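# Topology and contacts: notes
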Amino acid sequence: MNHLTKTDFIQYLNCPESLWLLKNKKEEYNKHKGEFSEFQQKIIDEGYQVEEYAEKLFPEAINIPTANTSVEETKEKLSGSGVSFLQPSFSYSSCFARIDILEKLDDNTYHIYEVKSSTSIKTGKTQNHIIDASFQKYVMDNAGYSVSKISLIYLDKEYRKNGEIIASDLLKVEEITDRVNEIYPETRNNIKQAISFINLESIDENICSCYTNTQSNHCDSFSYFNDKITDSSIYKLASIRRNKIEDLISMDCISLLDIPVDYKLSSRQVSQIESLRINQPIYNKGNIKKTLSALQFPLHFFDYETYASAIPKVDGIGPHKHLVFQVSMHTMYEDGSIEHFEWLGKKMELPTEMLEKMQDKTGYNGTFISWNSPFENLCNKQMIESIPNHADYLNYINSNMFDLMIIFKEDYIDYRFQGSSSIKKVLPILCPEPELSYKNLAIQDGSMAMDNWGKMMLDTNFNKDINKTRKDLLKYCRLDSLAMVEIYKKLKLIE
């Protein structure tokens, strides 16, 4: 019989068919889920680090090894005189639960503590801490233990590192018993349905429950269950919402070209479909020209790379806050000449040196151009908090920043972007030159950059060539800012 954990249960709630495939045809599931990245491992490792700090809140707790005999050992330990326990395990029917921290109360009932590496209680579709805790209660209750209280331990978003990290300062403890009890009957029913479903001998493998979800909410095995979906499907329509997907599916519209001409869509969506029909981009030359002509030279095309971690590594930084460790900036002057500036941190510290050199380079002049400016804007705001003596310069950047991506949401639409305005979608279409391809780089995205730099700074067993890793990081960030320059040039040439 297939077993069910709380991770399985959340997957079932999101897409039952995907979990069935994992449990019954694991090889097929693994073909479609994609490779397990180093960045995903970083997230898992950080979860363990948060648990270690949470355990410091219970210094007398008894640790129960996570071995195959953990359920029997848990039963033995709970029958003793101990009060708090780390990683106790419980099973009921085909359900298995391992509790982060468990406390025995005076009335012989139990208090579950679930530890989360987030800075808030999540109740979304892919992460729902209340449902997680409700699953754990279900298993314990049915295994013969009475759970009377449930709390979450998570990171305090207001915390800022200042010397040694004290667990009670870093973490918040919030009781959620009432919230769990409110959904408990529904959780109980859903668990029973999940167990029945994953143990079916066969299911319809031609469609899955994600069929009406937006693309970002598709399960890992969506392509397995929906193998006839193409790159010109309705899921690629820019900013499409679930209600529109459901409506279009009810009309048997799966391809963008199936959508009736008079169907109500946004102007961007209409342009995307028209671009597909005529096989060429749709753009507003007048608006693009007006927008670009309003920019004040010199133009500083810049991009940050940042490191974030659940447990802050640098004084002045909080949980999951961005530590800027790299910048690349191409400055274009009115005569068309370009200068390149770059900086890459050599140790885990606040980027004070970077800001000093940037300010020396640019002064309070010109327009700072980014791609998806809310990110750079947020980084600057966080640096104002941690490095206040550079507040004037950072405020100048934020007040004189232009988001080049906006043009590709409003005035330049190409169906080949597949509804996205990401620079990695736009660049290969506007600038297909091989030397501008991310595919040729050893580091190809921000997650890889963060992971490589973080390991280079923190991992004493870092086994890559440091000089090569630094060069790879510089190449990646340089392409991010250079890409904006080249896209800008192409926009200026539009006739």
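Above this text sits the structure in question.
Residues numbered from 1 in each chain as written. Predicted model: local features only at pLDDT ≥ 70, side-chain atom pairs only at ≥ 80, totals over all residues. Heavy atoms only, no water.

Let us now look at the overall build of the protein chain. Helix and strand counts for the protein chain come out as 19 helices and 15 strands. Across its three principal axes, the protein chain shows a C-alpha extent of roughly 80 × 60 × 40 Å. Residue pairs in contact within the protein chain that sit at least 24 positions apart in sequence constitute 67% of those at least 6 positions apart. One finds the centroid of the 57 positive side-chain charges in the protein chain at a distance of 3 Å from the centroid of its 71 negative side-chain charges. (Helix = DSSP H or I, 4+ residues; strand = E, 2+ residues; numbered from the N terminus. Contact = heavy atoms within 4.5 Å. Lys, Arg positive; Asp, Glu negative; His and termini not counted. Charge placed at Lys NZ, Arg CZ, Asp CG, Glu CD.)

We now examine the packing of helix α1 (residues 6–14) against helix α8 (residues 177–198). Geometrically, a packed helix pair is captured by the angle between its two axes and the distance between the axes. The interhelical angle for the contact between α1 and α8, taken along N-to-C directions, is 90 degrees, at an axis separation of 10 Å. Considering their axes alone, α1 and α8 lie roughly perpendicular with respect to each other. Seen from α1, the contacting residues are F9, Y12 and L13; seen from α8, they are T187, N190, I191, Q193, A194 and F197. Taken together, the residues that form the contact of α1 with α8 break down as six nonpolar, three polar and no charged. (Axes fitted to C-alpha atoms, helices over the stretch in contact; angles between N-to-C directions. Parallel < 35°, antiparallel > 145°, perpendicular 65-115°, else oblique. Nonpolar A, V, L, I, M, F, W, Y, C, P; charged D, E, K, R; others polar.)

Under the defined criterion, the tally for this structure stands at 20 salt bridges. Among the ionic pairs, K161 bridges to D315, the shortest N-O distance being 2.9 Å. Of this pair, K161 sits in the loop between β7 (147–155) and α7 (167–170) while D315 sits in the loop between β10 (299–307) and β11 (323–332), placing them 154 residues apart in sequence. We classify K161 as buried; its relative accessible area is 16%. Among the ionic contacts, a cluster of salt bridges with common partners joins K6, E114, K116 and D132. (Salt bridge = Lys/Arg side-chain N within 4 Å of Asp/Glu carboxyl O. Buried < 20%, exposed > 50% of the residue type's maximum accessible area, 1.4 Å probe, protein only.)

Here we come to the environment of P312. Position of P312 relative to the elements: it lies in the loop between β10 and β11. For P312, a relative accessible area of 2% translates into the label buried. Considering only alpha carbons, one finds P312 and Y488, 176 residues apart in sequence, at a separation of 37 Å. Setting aside residues up to four positions removed in sequence, P312 forms contacts with Y159, K161, I165, L170, I317, G318 and P319.

Once that is clear, we can look at the nonpolar core. A general tendency of soluble globular proteins is for nonpolar side chains to be buried together. Core analysis: the biggest nonpolar cluster contains 63 residues, and L4, M140 and I259 have the highest contact counts within it. When near neighbours in sequence (up to four residues on either side) are disregarded, M140 contacts F90, I99, L102, Y110, I112, Y145 and V147. Of all hydrophobic cores here, the second largest spans 48 residues; its members include L292, L295, Y307 and L430. (Core = buried A, V, L, I, M, F, W, Y, C linked by side-chain atoms within 4.5 Å.)

The strand order β1-β2-β5-β6-β7-β8 describes an open sheet built from six strands, whose pairing is mixed. On the outer flanks of this sheet lie β1 (62–63) and β8 (171–175), each paired with one strand and no other. Bridge count for strand β2 (residues 84–86) against strand β5 (residues 101–104) is three bridges, and the pairing is antiparallel. Paired with F85 across the strands is L102, a residue of β5. (Pairing = 2+ DSSP bridges.)

Our focus in this paragraph is the packing of helix α17 (residues 423–430) against helix α19 (residues 466–492). Relative to each other, α17 and α19 sit at 55 degrees, their axes nearing to 10 Å. Relative to α19, α17 is oriented oblique. Here α17 and α19 pass one another in a crossing that is left-handed. Counting all contacts with α17, which are made through I423, K424, V426, L427 and L430, the residues of α19 involved are Y476, D480, A483, M484, I487 and K490. (Left-handed = near helix turned anticlockwise from the far one by under 90°.)

For the rest of this paragraph, the subject is the sheet that holds strand β13 (residues 367–370). Working definition: the strands of a sheet are paired by backbone hydrogen bonds and lie parallel or antiparallel to each other. What the five strands build is an open sheet, ordered β12-β11-β10-β13-β14; its pairing is mixed. In the strand order of this sheet, the two ends are held by β12 (338–344) and β14 (401–403), each with one partner. Sheet twist, expressed as the average angle between the axes of neighbouring strands with direction ignored, equals 25 degrees. For β10 and β13, the ladder comprises three bridges, and the chain directions are parallel.

Turning our eyes to something else, we now look at the pairing of β11. The buried fraction of β11 is high, at ten of ten residues. Two strands pair when backbone bridges link them, and β10 and β11 are joined in this way by nine bridges, in the antiparallel orientation. Its bridge partner being in β11, H300 is matched across the sheet by T331. As paired elements, β11 and β12 share seven bridges and run antiparallel to each other. Considered in β12, the bridge of T331 is made with E339. Taking the residues that link successive antiparallel strands as the turn, the β11-β12 hairpin has five residues, and the phi of G336 there is positive, at about 95 degrees.

What is shown is where atoms sit, not what they do.
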